[in-house]
Amino acid sequence: MGLRSFAVARLPAALTGLTALRAPPEPTPAEAASFDALVHKLNYLPKADIKRVKEAYKFADEAHLGQLRASGEPYITHPIAVAGICADWRLDAQAIQAALMHDAMEDCGVTKIELIEKFEAPTAELVDGLTKLDKLQFSTKEESQAESFRKMLLAMARDVRVILIKLADRLHNMRTMEAMAANKQRRIARETLDIYAPIAHRLGLNEIYRELQELSFKFIHPWRHAALSKAIAKARGNRRDLVSRIERDVLKAVGASELKVEVHGREKTLYSIYKKMRDKHLSFAQVSDIFGFRIVVADLPHCYLALGVLHQLYKPQPGRFKDYIAIPKPNGYQSLHTTLVSPLGTPVEFQIRTETMHMVAEKGVAAHWLYKSNSQHAQQLGAHWLQSLLDIQDETRDANEFLEHVKIDLFPDAVYVFTPKSKIMALPRGATPVDFAYAIHSDVGDHCVAAQINGEPVPLRTELHSGDVIEIVTAESARPNPAWLSFVRTGRARSKIRHFLKNLEQEESRELGQKMLAQALRAEGLALPSLDDENQQAAQLWQQLARWAGNRHVDELLTEIGLGRKIATIVAKKLARMLADQGERPDAVTLTLGRFATDDAPAQGMVMIDGSEGASVRLATCCRPIPGDDIKGYLGRGEGLVVHTAECQVGRRLFQRDAEHWIAVAWAEELSRPFEAAVGLLLTNGKGVLAQVASAVSSAEADITHISMVEEPQTRETAEMSLLLSVRDRLHLADVLRTLKRSASVLRVWRIKP
């Protein structure tokens, strides 16, 4: 490798920010629409493959005949340009064919079967993975877009060529968006910035990543882009001498050390400068590191030798050195980063890497087609993230939820942490011990109860930092907490938690539905048939009942009863008729228990409330029932069971309107937790009032979970306070109210009821 650098006179032209995938001189419209615009890029392919690509061109040209782009050009110019970008990466013939036909299924009504017949299954699968789902009916445009992303990303997880073609497609669309309406430009640019640019970064396609960011910035904030362009053009001239001096100093220093290197001066992109100004609240004049340098050396040991030379030349800034060679980024990026203090006192960033590292840094997964005959390495480069897409899909069937998880996983920044056995794991910035637990295994995450960072116990919401050693404490009885969703950062953790909670809710709803059906059937004088699969006669009966109700199996039927989507009494009457056909007769004792059971002797199957209920049973917030209150259960459609007090006005109105959805409920003898009651107080307004109230509540062995205070509008001498108190039952609440009445500042106290 020879010694080479940019000439100072040419530096401003070289440092134009957007170095990614420079487009060649614009061809004429006729050239752009012909196969000649592409054929000169395909010389790396065998002649037989070029012939197959030409057949795909003819097919696409016929399919798009008569179609025009927004600019007025023939539509075929777009597929040719996309195929040209893929050819620059030296993708195989199948990928080039798919690039030429990527819009044929979507825009021209071509079927997948037709493509398989003409171009074989692999090419058809690539085109299908790139096609939007316009044949299905979606309720909203957002849902359609989310489903399209989901399909594309899952196809990408199976074959990374799908996303390479899609990124080439988006890159050409972004380069040629001037003819579109401004609002459409902003929408597409925002989508590119939120989804496609991060995907490019995740796969190490840094050239495309930077250009997509830059073009998105141009269309989202055109005025800011123009103003920043002028400011940088001016600064480029002012700082030319500094760049030239640094370059000479570096070349002289490495030359003295007999290192063979290439020194590349580079200018940061407009978007990266704008982002730094926005995030750190800086003016353009305060952004000092607009320029940087890249040192390319012969082999890995020379990277560290060059680093030593640079640190002898200029003083390094403490805390600004990163070794991505020893610990590569998740997308395969490797380089040494160091920030040095220039002769003028401004920071200058240097990146040191080998030629191979430079290929991967710029081209990412595409580098493996450019420089290797085996493309399996490309799949492996992003294998961890691609596999996570399939894992998330297993837990999440909803397209919008899937896209939400993927967006979370597209954060470019990462922290590097260690397991107790010194294995390195990369997680998104802001990740917590819960993310770490799920990254190890879903069972570890599901049973996580505590964590230690560097040997010290920490809360589960603690943010992880690079270098931390994490140890997770698990318990067999533990299960995911819904509150974790408020702080986890990885899509894998979020999808696993949601999946567990959904299954738990279904299990609870099934148990509730079984109790309700047993109670309703007892009113017919019959006992619930066995749900044991080994009882063939009962299993057949349940299957018939499920089919009658329109469910696939009995568990689904019981779940829908528990969620209020089916009425237990109607299902029970049908089951009673089916049992009668089998010779079952009502039992007088069971009938009596079912119809005339008292609260003191609750019927078997009555829903007992002990405080351990999950999402399928809720206590109404309008009346806030507590043990000792007379209660009733309302089975809202799809909401599960909502428990009201018998005197609740909201509950009474519901009963008058929807009487068949009310079921018998009772308090269990053993309660698992305290309950919340709403209390109102009229107070003398003065200093220390709140402290007196809190002291009185505490002395009665209760807790305040929420407090609000409003001054009386007529006078400032009194104020009204509302409390949510955590109490055991009605007797405990009465004790708390008596204690509050004895407080000197309390004029009146009462339980708030609707």
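Up top is the structure these notes are about.
Residues numbered from 1 in each chain as written. Predicted model: local features only at pLDDT ≥ 70, side-chain atom pairs only at ≥ 80, totals over all residues. Heavy atoms only, no water.

Q: Tell me about the overall build of the protein, residues and numbers included.
A: Along its length, the protein carries 32 helices and 21 strands. Residues classed as buried in the protein amount to 49% of the 754 residues present. Expressed as a percentage of contacts within the protein between residues at least 6 apart in sequence, the contacts between residues at least 24 apart total 69%. For the protein, the computed accessible surface area is about 37,100 Å², with 51% contributed by carbon and sulfur atoms. (Helix = DSSP H or I, 4+ residues; strand = E, 2+ residues; numbered from the N terminus. Buried < 20%, exposed > 50% of the residue type's maximum accessible area, 1.4 Å probe, protein only. Contact = heavy atoms within 4.5 Å. Areas by Shrake-Rupley, 256 points an atom, 1.4 Å probe, with all protein chains shown as cover.)

Q: If you had to explain the packing of helix H26 (residues 536-549) against helix H28 (residues 568-581) to someone new, which residues and values would you point to?
A: Contact geometry of H26 with H28 gives a least axis separation of 11 Å together with a crossing angle of 135 degrees. In terms of axis orientation, H26 runs oblique to H28. Viewed along their axes, H26 and H28 form a crossing whose handedness is right-handed. Facing Leu541, Trp542, Gln544, Leu545 and Trp548 of H26, the residues of H28 in contact are Ile570, Val571, Lys574, Leu575, Met578 and Leu579. (Axes fitted to C-alpha atoms, helices over the stretch in contact; angles between N-to-C directions. Parallel < 35°, antiparallel > 145°, perpendicular 65-115°, else oblique. Left-handed = near helix turned anticlockwise from the far one by under 90°.)

Q: Help me get a handle on the packing of helix H23 (residues 433-440) against helix H25 (residues 491-522), residues and values and all.
A: For the pair H23 and H25, interaxial distance at closest approach is 8 Å and the crossing angle is 85 degrees. As far as their axial angle goes, H25 and H23 are roughly perpendicular. For the pair H23 and H25, contact is made by Val434, Asp435, Tyr438 and Ala439 and by Arg492, Ala493, Lys496 and Ile497, respectively.

Q: Residues and numbers for the pattern of salt bridges, please.
A: Within this structure, the stated rule accounts for 18 salt bridges. Among the salt bridges present, the one from Asp629 reaches Arg751, with a minimum N-O distance of 2.8 Å. You can see Asp629 sitting in the loop between strand S13 (617-619) and strand S14 (631-636) and its partner Arg751 sitting in strand S21 (residues 746-751), a full 122 residues away along the chain. Both residues of the pair, Asp629 and Arg751, count as buried. Here Glu647 and Lys753 are joined by a salt bridge, their closest N and O atoms 2.9 Å apart. (Salt bridge = Lys/Arg side-chain N within 4 Å of Asp/Glu carboxyl O.)

Q: Any chance you could break down the sheet that holds strand S11 (residues 470-474) for me, citing the residues and the numbers?
A: Ordered in space as S10-S9-S11, the three strands form an open sheet in which the pairing is antiparallel. Looking at strand neighbours, the two that pair on one side only are strand S10 (456-458) and S11, the edges of this open sheet. The average undirected angle you get between the axes of adjacent strands in this sheet is 35 degrees. As paired elements, strand S9 (residues 448-453) and S11 share five bridges and run antiparallel to each other. Bridged to Gln452 within S11 is Glu471. Set on the sheet, H23 makes contact with S9, S10 and S11; between it and S11 the angle comes to about 80 degrees. (Pairing = 2+ DSSP bridges.)

Q: An account of the packing of aromatic side chains is requested, with residue identities and associated values reported.
A: Tallying each qualifying case throughout the model produces six aromatic pairs. Relative to Tyr274, the ring of Phe217 has its centre 4.6 Å away and its plane inclined at 20 degrees; by these criteria the two rings are stacked. Note that Phe217 is positioned in helix H13 (residues 206-220) and Tyr274 in helix H16 (residues 270-280), a separation of 57 residues in sequence. Residue Tyr274 is classed as buried on the basis of its relative accessible area, which comes to 11%. Put simply, the rings of Phe217, Tyr271 and Tyr274 touch in pairs and so form one group of aromatic residues. (Phe/Tyr/Trp six-rings, centres within 6.5 Å; stacked < 30°, edge-to-face > 60°.)

Q: An account of helix H17 (residues 300-313) is requested, with residue identities and associated values reported.
A: Taking 1.5 Å per residue as the helical rise, H17 with its 14 residues ought to reach 20 Å, and the 21 Å between its terminal C-alpha atoms agrees with that figure. Every buried residue belonging to H17 is among Cys303, Ala306, Leu307, Val309 and Leu310, and all of these are buried. Here the buried residues of H17 occupy an arc of 165 degrees about the axis, which is enough to place them on one side. (Expected span 1.5 Å × (residues − 1). Arc of directions from axis to C-beta.)

Q: Lay out the side chain of Gln213 with the relevant residues and their values.
A: Its place among the elements puts Gln213 in helix H13. The class for Gln213 is buried, based on a relative accessible area of 11%. With residues near it in sequence (within four places) discarded, Gln213 still touches Leu193, Ala197 and Tyr271.

Q: Before we move on, can you summarise the environment of Ala520 with the specific residues and values?
A: Its location among the elements puts Ala520 in helix H25. Along the sequence, Ala520 and Ala572 sit 52 residues apart, while their C-alpha atoms lie 5.8 Å from each other. With residues up to four places along the chain from it excluded, the contact list for Ala520 reads Ala568, Thr569 and Ala572.

Q: For the side chain of Ser442, give the residues involved together with the corresponding values.
A: Residue position: Ser442 is located in helix H24 (residues 442-446). Among all residues touching Ser442, those that are not within four sequence positions of it are Arg492 and Lys496.

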